[in-house]
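Structural overview
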Amino acid sequence: MNEHDSEIMAGMLTDEGFIQVDSRKDADIAIINTCSIRDNADKRFFGTLGQLKRRKKENPEFTVCVCGCMMQQQHVIDTIKAKYPWVDIIFGTHNIHKLPELLANIVAEKGKQIDVWPEGGEIVEGLPCKRLFESKALVNIMFGCNNFCTYCIVPYTRGRERSRKPSDIVNEVRNLVADGVKEIMLLGQNVNSYKGMEAGSEEVIDFAELIYMLNEIDGLERIRFMTSHPKDLSDRLIQAFVDCDKLCKNVHLPVQSGSSRVLKAMNRRYDKEKYLDLVGKLKAVVPGITMSTDIIVGFPGETEEDFEETLDLVRQVEYDSAFTFLYSIRKGTPAEKYEDQIPEDVKHERFNRLVDLINSISAEKNAAYVGRVEKVLVEGPSKTNSKTYTGRTDGFKLVNFQGTPEMVGQIVDVKITEGKTFSLEGQVI
Ligand code: 5AD
Ligand code: SF4
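Attention in this report is confined to the structure presented alongside it. Positions within a chain are numbered from 1, following the residues in the order the chain's sequence is written. The lettering of chains begins at A and the numbering of ligands begins at 1, in the order of writing. Selection of residues for local features in this predicted model requires a pLDDT of at least 70, selection of side-chain atom pairs for listing and counting requires 80 or more, and totals for whole chains, interfaces and linings are taken over all residues. To get the side-chain values, take all heavy atoms of the structure and skip hydrogens and water.

**Some points on the overall build of the protein chain**
To be explicit about the condition: Helical segments are the DSSP runs of H or I of at least four residues, strand segments are the runs of E of at least two, and each set is numbered from the N terminus. With the radius of gyration taken over C-alpha atoms, the globule rule is written as 2.2 Å times the number of residues to the power 0.38. Any two residues having at least one pair of non-hydrogen atoms within 4.5 Å are treated as being in contact.
A tally of regular secondary structure across the protein chain gives 12 helices and 17 strands. Its C-alpha atoms give the protein chain a radius of gyration of 22 Å, near enough to 22 Å, the size a compact globule of 429 residues would have. C-alpha atoms of the protein chain, sized along the principal axes, occupy 60 × 55 × 55 Å. Sequence separation of at least 24 residues holds for 72% of the intrachain contacts in the protein chain that already meet a minimum separation of 6.

See below:
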């Protein structure tokens, strides 16, 4: 979501005549869009600010803007004011549309601009966007989160759930397709609680219905979504995987822990059994579906037995991939106050065991792709070798192959020749 916000900011500034530069040393304005999900993101932000201090000293005209989730927390604003008073613009997650105005105020020498809204106002439609990829687009369908998982800062930084109108989403996707987009990623903290309503209508369009609507758009080839909360993934959505040919057979379903006791303490509102039932249903109704997840290791009170429940769940689900995180205390969340925090060495030791297990399953799953022909949407040349191109399969597997510039943005057939832990190798046929 932050990445998409950055695309929008880049779009607004491009429309205003600003030029994006590749290297920080060539910039007159720096914008830092912050993440707050774990402590290391916070630390990197203050590290980057420290680096910019010298630029600001050398050239007082150099403008520094900071925004994103961290700015929605008063203690962060207080720290910036006290330790980095030379920051020019501070704004939050609810008013990124104001960036051009705030910059104009700086140019007009109106002084430091601090504009952070505690809650989101009306959803602002029609903002420009400078996409990272020509053929793939991120599309917000809703903002905010009402779930209050006890470890998570997001409900405090992104506010309460608000859904965009279905017609606004459909129009945006039609325009994206006209602009060359083949794949969309629908974004929401929990897309399953999407509640779309048109002005003046009582009818509620749910997430599954929205997928059916988008599946009708000519020229669109692939629909993905993230993230989906297991507690309210509906049977209708599972059916949409069967009925909607454009909906990619891949789901990111964060489990967070395999221990029902820990899940309760996390306020996730499902248990291990219910999660495994859901996975069983998905696999039965959507053969070949690929799955990924998020797991937190070392939540307060997690015992060795709890952790083994997580390992057991991972073995049962056989995820294609997983994002694993060390639990990180977030100021203002309920879990901050939990007494039985887990020592760092125990967290790391469990984390390593979990990553080893996940990697061995990923490698095994990827090896099974050898000999298969996969449809790959080509993203571009790899960063390290200009002849090696990368793209994604319908199931979101990363594929490397020898390609040519004309293939970028096309869907090509690739025969898989090797399965690695994090990617597949193949040849275009
Ligand atoms: N500590 C560690 N991981 C966290 N996540 C969210 N909050 C925390 C935290 N305090 C993880 C969850 C979530 C992902 C986006 O980040 O796994 O699904
Ligand atoms: Fe955070 Fe839970 Fe909301 Fe996800 S569902 S954003 S983990 S509070």
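**Overview of the sheet that holds strand E1 (residues 29-34)**
To keep things clear, this is the line we draw: Between any two strands, pairing holds if DSSP finds at least two bridges. All axes here are fitted lines through C-alpha atoms, helices being fitted over the stretch that makes contact, and every angle between N-to-C directions spans 0 to 180 degrees.
Read from one edge to the other, the open sheet built from 4 strands follows the order E1-E2-E3-E4, with strand pairing classed as parallel. Unpaired on one side and paired on the other, E1 and strand E4 (113-115) mark the two borders of the sheet. Mean inter-strand twist for the sheet, computed between neighbouring axes without regard to direction, equals 10 degrees. The sheet contact formed by strand E3 (residues 89-91) and E4 spans 3 bridges and is parallel. Note that in E4 the partner of Ile89 across the bridge is Gln113. This element, helix H4 (residues 99-107), spans E1, strand E2 (63-68), E3 and E4 of the sheet and lies at about 160 degrees to E3.

**So, the pattern of salt bridges**
The line we're drawing: By definition here, a salt bridge exists when the distance from a side-chain nitrogen of Lys or Arg to a carboxyl oxygen of Asp or Glu is within 4 Å. Buried residues are those whose accessible area, probed at 1.4 Å on protein chains only, stays under 20% of the maximum for their type, while exposed residues exceed 50% and partly exposed ones sit between those limits.
The tally for this structure, following the rule as stated, stands at 33 salt bridges. Its salt-bridge partner being Asp206, residue Arg236 comes within 3.1 Å of it at the nearest N-O pair. Taken together, the residues span a long stretch of sequence, with Arg236 in helix H8 (residues 235-243) and Asp206 in the loop between strand E8 (183-187) and helix H7 (207-215) at a distance of 30 residues. Note on Arg236: relative accessible area 41%, which makes it partly exposed.

**What to know about the layout of surface pockets**
The cut-off we apply is this: Here a cavity denotes a set of grid points, spaced 1 Å apart and computed over the protein atoms alone, in which a 1.4 Å probe fits but from which it cannot get out, and a pocket denotes an open set meeting protein on both sides within 12 Å along at least five of seven lines; residues with an atom within 4 Å of a point are reported as lining. Grid points are joined across faces, edges and corners, and a volume is the space filled by probe spheres set on the points. Gly counts as polar in this scheme, as do all residues outside two lists: the nonpolar Ala, Val, Leu, Ile, Met, Phe, Trp, Tyr, Cys and Pro, and the charged Asp, Glu, Lys and Arg.
Size it by volume and the second largest pocket reaches roughly 700 Å³. As for the second largest pocket, its lining consists of 32 residues, of which Ile8, Val124, Gly126, Leu127 and Phe143 are closest to the centre. Elements with a contribution of two residues or more to the lining of the second largest pocket: helix H1 (2-15), strand E5 (136-140) and helix H6 (166-178). No other element matches the 4 residues that H6 contributes to the lining of the second largest pocket. Considered class by class, the residues forming the lining of the second largest pocket number 12 nonpolar, 10 polar and 10 charged.

**What about the environment of Ile416?**
Relative to the elements of secondary structure, Ile416 occurs in strand E16 (residues 411-419). For Ile416, the residues in contact, after removing those within four places along its chain, are Tyr369, Val370, Gly371, Arg372, Glu374, Val399, Leu424, Glu425 and Gly426.

**Observations regarding the nonpolar core**
Threshold: Put simply, buried Ala, Val, Leu, Ile, Met, Phe, Trp, Tyr and Cys residues joined by side-chain atoms within 4.5 Å make one nonpolar core.
Among the nonpolar cores identified, the biggest contains 66 residues, and Ile184, Leu186, Phe207, Ile211, Leu214 and Phe225 are the most heavily contacted of them. Aside from chain neighbours lying at most four places away, what touches Leu214 is Ile169, Val170, Val173, Ile184, Leu186, Leu220 and Ile223. Core analysis: the next-biggest nonpolar cluster, separate from the first, contains 17 residues, Ala30, Met70, Ile77 and Ile90 among them.

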